[in-house]
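Spelled out from the first residue to the last, the chains are:
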Amino acid sequence: MKDGKDKTEVKEIDCIEAINGLYAYLDGEMKDPQTLAQFEHHLEHCHTCYSRTQLETALGQLIRKSGEEGQTPVKLQGRLRKLIDEF
Ligand SMILES: [Zn+2]
């Protein structure tokens, strides 16, 4: 019944590829299901990229919230960016 080829193989990607796709992922612009699967597969196995995704998600929400409140989040953004770079 099973020939072993019906299972979709998820290609392993490295952290560089994951980070490159991070913003597309967060913006909902990662349309290719295979790319999406690869990205999520990487997150499941890489704590560094998983944490970074969590951080970027939180940062995005924070900036959106600040924007809605009419504040300029530049200072905060810079501070968090620095944090991410040091991460
Ligand atoms: Zn990674």
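Residues numbered from 1 in each chain as written. Predicted model: local features only at pLDDT ≥ 70, side-chain atom pairs only at ≥ 80, totals over all residues. Heavy atoms only, no water.

**Student:** I keep staring at the overall build of the chain and nothing clicks. Help me out?
**Tutor:** Within the chain, the regular secondary structure consists of four helices and zero strands. Scored against the burial criterion, the 87 residues of the chain give a buried share of 24%. Put simply, 59% of the contacts in the chain that link residues at least 6 apart link residues at least 24 apart. As displayed, the chain has an accessible area near 6,800 Å², and 53% of this comes from carbon and sulfur atoms. (Helix = DSSP H or I, 4+ residues; strand = E, 2+ residues; numbered from the N terminus. Buried < 20%, exposed > 50% of the residue type's maximum accessible area, 1.4 Å probe, protein only. Contact = heavy atoms within 4.5 Å. Areas by Shrake-Rupley, 256 points an atom, 1.4 Å probe, with all protein chains shown as cover.)

**Student:** For this particular structure, what's the right way to read the nonpolar core?
**Tutor:** Generally speaking, nonpolar side chains in soluble globular proteins are found buried as a group. Ranked by size, the top nonpolar core spans eight residues in total: Ile13, Ala18, Leu22, Met30, Phe39, Leu43, Cys46 and Cys49. The set of elements that each furnish at least two residues to this core consists of helix 1 (15-26) and helix 2 (33-45). (Core = buried A, V, L, I, M, F, W, Y, C linked by side-chain atoms within 4.5 Å.)

**Student:** Help me understand the pattern of salt bridges in this model?
**Tutor:** Side chains carrying opposite charge are able to pair once their charged atoms draw close together. Counted under the stated rule, the structure contains one salt bridge. A salt bridge links Lys11 to Glu17, with the shortest nitrogen-to-oxygen separation between them at 3.9 Å. Judged by its relative accessible area of 46%, Lys11 falls in the partly exposed class. (Salt bridge = Lys/Arg side-chain N within 4 Å of Asp/Glu carboxyl O.)

**Student:** Would you mind going over the coordination of the zinc ion with me for this structure?
**Tutor:** Reference values for angles at a metal are 109.5 degrees in the four-donor tetrahedral case and 90 or 180 degrees in the six-donor octahedral case. Within the first shell, the zinc ion binds the protein through Cys15 (SG), His42 (NE2), Cys46 (SG) and Cys49 (SG), at distances of 2.0 to 2.4 Å. Classification of the site at the zinc ion as tetrahedral follows from its four donor atoms and the range of 102 to 114 degrees in their angles at the metal. In the primary sequence, the donor residues of the zinc ion line up as C-x26-H-x3-C-x2-C. Here Cys15, found in helix 1, pairs with Cys46, found in the loop between helix 2 and helix 3 (47-68); they are 31 residues apart in sequence, far enough to count as distant. (Donors = N, O, S within 2.8 Å, 3.2 Å for Na, K, Ca; no water. Tetrahedral: all angles 85-135°; square planar, octahedral: opposite > 155°, others 65-115°.)

**Student:** I keep staring at the packing of aromatic side chains and nothing clicks. Help me out?
**Tutor:** Describing an aromatic ring pair means giving the distance of the ring centres and the angle of the ring planes. The tally for this structure, following the rule as stated, stands at one aromatic pair. Between Tyr25 and Phe39, the ring centres sit 4.5 Å apart and the planes meet at 40 degrees, which makes this aromatic pair tilted. A residue pair is termed long-range when its members are at least 10 positions apart, and Tyr25 in helix 1 and Phe39 in helix 2 qualify at 14 residues. In this structure Tyr25 comes out as partly exposed when scored by relative accessible area, which is 25%. (Phe/Tyr/Trp six-rings, centres within 6.5 Å; stacked < 30°, edge-to-face > 60°.)

**Student:** Looking at this structure, how should I read the packing of helix 1 against helix 3?
**Tutor:** The relative placement of two packed helices comes down to the angle between their axes together with the axis-to-axis distance. At a minimum axis separation of 11 Å, helix 1 and helix 3 run at an interaxial angle of 25 degrees. In terms of orientation, helix 1 lies roughly parallel with respect to helix 3. Relative to helix 3, helix 1 is oriented so that their crossing is right-handed. Residue-level inspection shows Cys15, Ala18, Ile19, Leu22, Tyr23, Tyr25 and Leu26 of helix 1 in contact with helix 3, the latter providing Cys49, Arg52, Thr53, Glu56 and Thr57. Here the contact of helix 1 with helix 3 is composed, by residue class, of eight nonpolar, two polar and two charged. (Axes fitted to C-alpha atoms, helices over the stretch in contact; angles between N-to-C directions. Parallel < 35°, antiparallel > 145°, perpendicular 65-115°, else oblique. Left-handed = near helix turned anticlockwise from the far one by under 90°. Nonpolar A, V, L, I, M, F, W, Y, C, P; charged D, E, K, R; others polar.)

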